[in-house]
Amino acid sequence: MPRPVSESEVLAASLVNSVTQALGKLQNLWDEMGISRESQMERMQAAKGHIEVDPTLTILQLEKMLRLTLEDAHEEKNQRLTKLKQLQQEEQALCTELCATPYYIPTGSIPSSLQLQELKEHIEKLSETKEQRQEEFVQLREEIKQYNKEIGHIPDGTLENEILDEECICLTKKNLEDMRKLLHQLQTKKESLTASRAVLMKEVQLLWNRLQWPKNKCDEFLRRTSKFSISEAIKMWEEELLVLEEQKKEHLKEITLKVREELDTYWNKCYFCGEQRATFQPFYNDNYSEELLSLHDEELVKIRAVYEKNKSLYESVQKWEAILERFVELEKKSADPSRLLNRGGSLLRDEKERSKIQKQLLKLEEELKRNIENWEKENGSSFLVNNQRFLDTMAQQLQHHKLKKDHQSKISVKKEEFATSRRTVKRPAEESTPTTSKKTCKVASSLKAFSCSNLSTGTAVGGKQPFQAKMPYKSVRPEPPRQLPLEECKESKPTQQPSYSDFMKELSTKSSCTGIIFNSTLKENFPE
């Protein structure tokens, strides 16, 4: 017969069953909460440890402990679900505003601590994105408003109206992209309108100048147009142009002549020779008409474009010629022997300037040649100045200057030799005896009278035989001999006087006939 079960055994069995059920519920909660298997095993071992380690616990105490543990688990579950709901509401608002994808958590599950942390980080990123997009949205909207105001554009679409609505703020990627496209379209439109306005302004100002429009009227019109949008200003410029066109028809001749003056100015700047200018035959037509003026305008546009394209080269050519001209001028001065007698500062300054300009000339020559060669390679043609290839002109200028300089050097050498010979002849006369120095002043006047009378009449001193004066450069037909008074002799300046050395030679020759030795410092040489 089986032994009847005691009451204590029934109670123990009931308690074990309750503990088993409690542990099962705990495990289910742990699964729902996303607790890993490793953590569940650790918690299970901790519960068993309480049961095994502490033998003093009664069954009622163990049941209470497990019940409290279960309640804690239920409370943690509720807290996580509440936190999840709060975070998902924040996320949903941001995702809707930014048109973003929410963070995925299975519906009906209890989130783990890791999932809640990741969801929180996702919301923080969305918040940062919202701030960035909102800042960009505000900036784009302000720029769009500004462009609309500047160009006078009226919004003509749903998107533009929504953008300008202060209460409407859409921060989606698509909306921001549409705003960027709209802003780019407005920028392009503004550039186009600005270019059109600039063309109109140029045409109007050109007619203002040609018609000699009053400056105060021009300034007033400019001030008035600056207060309107670009589109409105364009209409005003167009109306002004129509008025001026009518005025132009009434002043065709004056305007055509002014255009010709501009053409001539640009031809000079571009170094056009007469042959090149003559190719534009309308320049010489006096039958003034709108067609003739139009041809002049077209030619002016062409030559202005040529000048603007090659402005740096033309300016370099002008600079080259100015420096070369100054250099040649200084070279002439330096080659003049008479300037060697100048011991003042001007000679030194000229020499310094010549040296400086020579360095500039060499540097400019290399740079100008290089630039012209590059231009000719790019354009496949010669760079012309006065209808000649300028590189050839430069070479000719330098060669001409070299030959000219060589010629001047030879002349300078001959002049220096001639001056040396004069000094050589004059020196013996200066080396006279000391006794003659007292008579110098008296002899000087007698010698002057002698030389003038002698050269004028061809008669020797003391009634000696007349002699023919030698002419140093070229012979001229002599006039009939006549006696001149001393004062008249002093004032007369023959166009071609004999040199001092020739005079001394002739004087020595004539004096040898009578055995008298002439010296410019001895009074005894002259007869009483």
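Residues numbered from 1 in each chain as written. Predicted model: local features only at pLDDT ≥ 70, side-chain atom pairs only at ≥ 80, totals over all residues. Heavy atoms only, no water.

**Points about the overall build of the protein**
Right, so step 1: A count of helices and strands for the protein gives 17 helices and 2 strands.
Right, so step 2: Looking at the protein as a whole, 28% of its 528 residues qualify as buried.
Right, so step 3: Counting contacts in the protein only where the partners sit at least 6 residues apart, residues at least 24 apart contribute 72% of the total.
Right, so step 4: Summed over its atoms, the accessible surface of the protein is roughly 35800 Å², and 53% of this surface lies on carbon and sulfur atoms. (Helix = DSSP H or I, 4+ residues; strand = E, 2+ residues; numbered from the N terminus. Buried < 20%, exposed > 50% of the residue type's maximum accessible area, 1.4 Å probe, protein only. Contact = heavy atoms within 4.5 Å. Areas by Shrake-Rupley, 256 points an atom, 1.4 Å probe, with all protein chains shown as cover.)

**Observations concerning the pattern of salt bridges**
Right, so step 1: Throughout the structure, instances matching the rule amount to 20 salt bridges.
Right, so step 2: We note a salt bridge from Arg180 to Glu177, for which the minimum N-O separation is 2.8 Å. Linking Arg180 with Glu177, this pair stays in helix 6 (residues 173-210), spanning 3 residues, or about one helical turn.
Right, so step 3: Among the residues examined, Arg180 registers a relative accessible area of 33% and is labelled partly exposed.
Right, so step 4: Glu245 is the partner of Lys248 in a salt bridge, and the nearest nitrogen-oxygen pair spans 2.9 Å. Of this pair, Lys248 and Glu245 are both found in helix 8 (residues 230-250), 3 residues apart, which corresponds to roughly one turn of the helix.
Right, so step 5: By relative accessible area, Lys248 is classed as buried at 13%.
Right, so step 6: A relative accessible area of 27% places Glu245 in the partly exposed class.
Right, so step 7: A single network of salt bridges, built from pairs that share partners, joins Glu136, Glu177 and Arg180. (Salt bridge = Lys/Arg side-chain N within 4 Å of Asp/Glu carboxyl O.)

**Topic: the packing of aromatic side chains**
Right, so step 1: In this structure the tally under the stated criterion is 10 aromatic pairs.
Right, so step 2: Seen from their ring centres, Phe221 and Trp237 are 4.8 Å apart, and the 80° between their planes marks the pair as edge-to-face. Linking Phe221 in helix 7 (residues 215-225) with Trp237 in helix 8, this pair joins segments that are 16 residues apart in sequence. Comparing Phe221 with Trp237 shows no difference in burial state: the two are buried.
Right, so step 3: Between the aromatic rings of Phe283 and Tyr284, the centroid separation amounts to 5.3 Å while the plane-to-plane angle is 75°, which identifies the pairing as edge-to-face. (Phe/Tyr/Trp six-rings, centres within 6.5 Å; stacked < 30°, edge-to-face > 60°.)

**Describing helix 7**
Working note: α-helix, 3.6 residues per turn, so residues spaced by three or four point in the same direction.
Right, so step 1: Regarding helix 7, the residues found buried are Cys218, Phe221 and Thr225. When helix 7 is viewed along its axis, its buried side chains cluster within an angular range of 65° and face the same direction. Exposed side chains of helix 7 directed beyond 90 degrees from the buried face belong to Lys215 and Asn216.
Right, so step 2: Tucked into the core, helix 7 has its buried residues touching helix 6 and helix 8. (Arc of directions from axis to C-beta.)

**A look at unusual backbone geometry**
Right, so step 1: You will see that Gln212, though not glycine, has its phi angle at about 55°, which is positive.
Right, so step 2: Inspection of the secondary structure puts Gln212 in the loop between helix 6 and helix 7.
Right, so step 3: Positive phi is not limited to glycine here, since Tyr271 has a value of about 60°.

**Digging into the side chain of Lys248**
Right, so step 1: One polar contact links Lys248 to Glu245, side chain to side chain, over a distance of 2.9 Å.
Right, so step 2: Excluding its chain neighbours within four sequence positions, the residues that come into contact with Lys248 are Leu207, Leu211, Ile255 and Leu293. (Polar contact = N/O pair within 3.5 Å; in protein donor to acceptor, adjacent residues only side chain to side chain.)

**Observations regarding the UniProt feature "coiled-coil region" (unreviewed entry) in the protein**
Right, so step 1: On the UniProt side, "coiled-coil region" (unreviewed entry) is annotated at positions that read residues 116-150, 176-203 and 347-378 here.
Right, so step 2: The distance separating the terminal C-alpha atoms of residues 116-150 is 51 Å; by composition the span is 100% helix and 0% strand.
Right, so step 3: Between the first and last C-alpha atoms of residues 347-378 the distance is 46 Å; the span itself is 100% helix and 0% strand. (UniProt positions renumbered as here; feature names shortened; annotations may be inferred.)

**Structural notes on the nonpolar core**
One recurring pattern in soluble globular proteins is that nonpolar side chains are buried together.
Right, so step 1: Counting residues in hydrophobic clusters, the biggest one holds 71 residues, and the most contacted among them are Trp320, Phe383 and Phe390.
Right, so step 2: Residues within four places of Phe383 in sequence aside, it is in contact with Asn310, Leu313, Tyr314, Val317, Ile372, Trp375, Glu376, Gln388, Arg389 and Phe390.
Right, so step 3: Residues Leu26, Leu29, Trp30 and Leu70 belong to the second largest nonpolar core, which totals 12 residues. (Core = buried A, V, L, I, M, F, W, Y, C linked by side-chain atoms within 4.5 Å.)

**A word on the layout of surface pockets**
Rolling a probe over the atoms, with the probe sized like a water molecule, indicates the empty space that remains.
Right, so step 1: In this structure, the second largest pocket encloses a volume near 400 Å³.
Right, so step 2: Lining the second largest pocket are 15 residues, and of these Lys202, Glu203, Leu206, Arg210 and Val301 sit closest to its centre.
Right, so step 3: Every element with two or more residues in the lining of the second largest pocket is listed here: helix 6, helix 8 and helix 11 (290-309).
Right, so step 4: Considering every element that reaches the lining of the second largest pocket, the biggest residue donor is helix 6, with 8 residues. (1 Å grid on protein atoms, 1.4 Å probe; cavity = no way out; pocket = protein on both sides within 12 Å on 5 of 7 lines; lining within 4 Å. Points joined across faces, edges and corners; volume = space filled by probe spheres on them.)

**Quick word on a negative patch on the surface**
Right, so step 1: A cluster of like negative charges, contributed by Glu118, Glu121, Glu124, Glu128 and Glu131, occupies part of the molecular surface.
Right, so step 2: Tracing the chain through its elements places Glu131 in helix 4 (residues 113-151).
Right, so step 3: What makes Glu131 exposed here is its relative accessible area of 57%. (Patch = residues over 30% accessible without salt bridge, like charges linked within 9 Å, V, L, I, M, F, W, Y side chains within 5 Å. Lys, Arg positive; Asp, Glu negative; His and termini not counted. Charge placed at Lys NZ, Arg CZ, Asp CG, Glu CD.)

**Overview of the environment of Leu87**
Right, so step 1: As for its position among the elements, Leu87 is in helix 3 (residues 59-98).
Right, so step 2: Residues Leu87 and Leu119, spaced 32 residues apart in sequence, show a C-alpha to C-alpha distance of 7.2 Å.
Right, so step 3: If sequence neighbours within four positions are ignored, Leu87 has contacts with Leu116, Leu119, Lys120 and Ile123.

**Re the side chain of Asn175**
Right, so step 1: Checked against the element boundaries, Asn175 lands in helix 6.
Right, so step 2: On the basis of relative accessibility, which here comes to 10%, the residue Asn175 falls in the buried class.
Right, so step 3: Of note is the side chain of Asn175, whose polar atom sits 2.8 Å from the backbone oxygen of Cys170.
Right, so step 4: Excluding residues that lie within four positions of it along the chain, Asn175 makes contacts with Phe137, Leu159 and Cys170.

**Examining the packing of helix 3 against helix 4**
Right, so step 1: Their axes nearest at 10 Å, the elements helix 3 and helix 4 cross at an angle of 25°. Taken as axis vectors, helix 3 and helix 4 run roughly parallel relative to one another. The handedness of the crossing between helix 3 and helix 4 comes out as left-handed. Residues Arg80, Lys83, Leu84, Leu87, Gln88, Glu90, Glu91, Leu94, Cys95, Glu97 and Leu98 of helix 3 form the contact with helix 4, whose own contacting residues are Ser113, Leu116, Leu119, Lys120, His122, Ile123, Leu126, Ser127, Thr129, Lys130 and Arg133.
Right, so step 2: Partitioned by chemical class, the residues of the contact of helix 3 with helix 4 number 9 nonpolar, 5 polar and 8 charged. (Axes fitted to C-alpha atoms, helices over the stretch in contact; angles between N-to-C directions. Parallel < 35°, antiparallel > 145°, perpendicular 65-115°, else oblique. Left-handed = near helix turned anticlockwise from the far one by under 90°. Nonpolar A, V, L, I, M, F, W, Y, C, P; charged D, E, K, R; others polar.)

**Re helix 9 (residues 252-269)**
Right, so step 1: The terminal C-alpha atoms of helix 9, which comprises 18 residues, lie 26 Å apart, in line with the 26 Å expected from a rise of 1.5 Å per residue.
Right, so step 2: Every buried residue belonging to helix 9 is among Leu252, Ile255, Thr256, Val259, Arg260, Leu263, Tyr266 and Trp267, and all of these are buried. Down the axis of helix 9, the sector holding all buried residues measures 145°, keeping them to one side.
Right, so step 3: Elements that come into contact with the buried residues of helix 9 comprise helix 6, helix 8, helix 10 (274-278) and helix 11.
Right, so step 4: Following helix 9 by one or two positions, Tyr271 adopts a phi angle in the positive range, close to 60°. (Expected span 1.5 Å × (residues − 1).)

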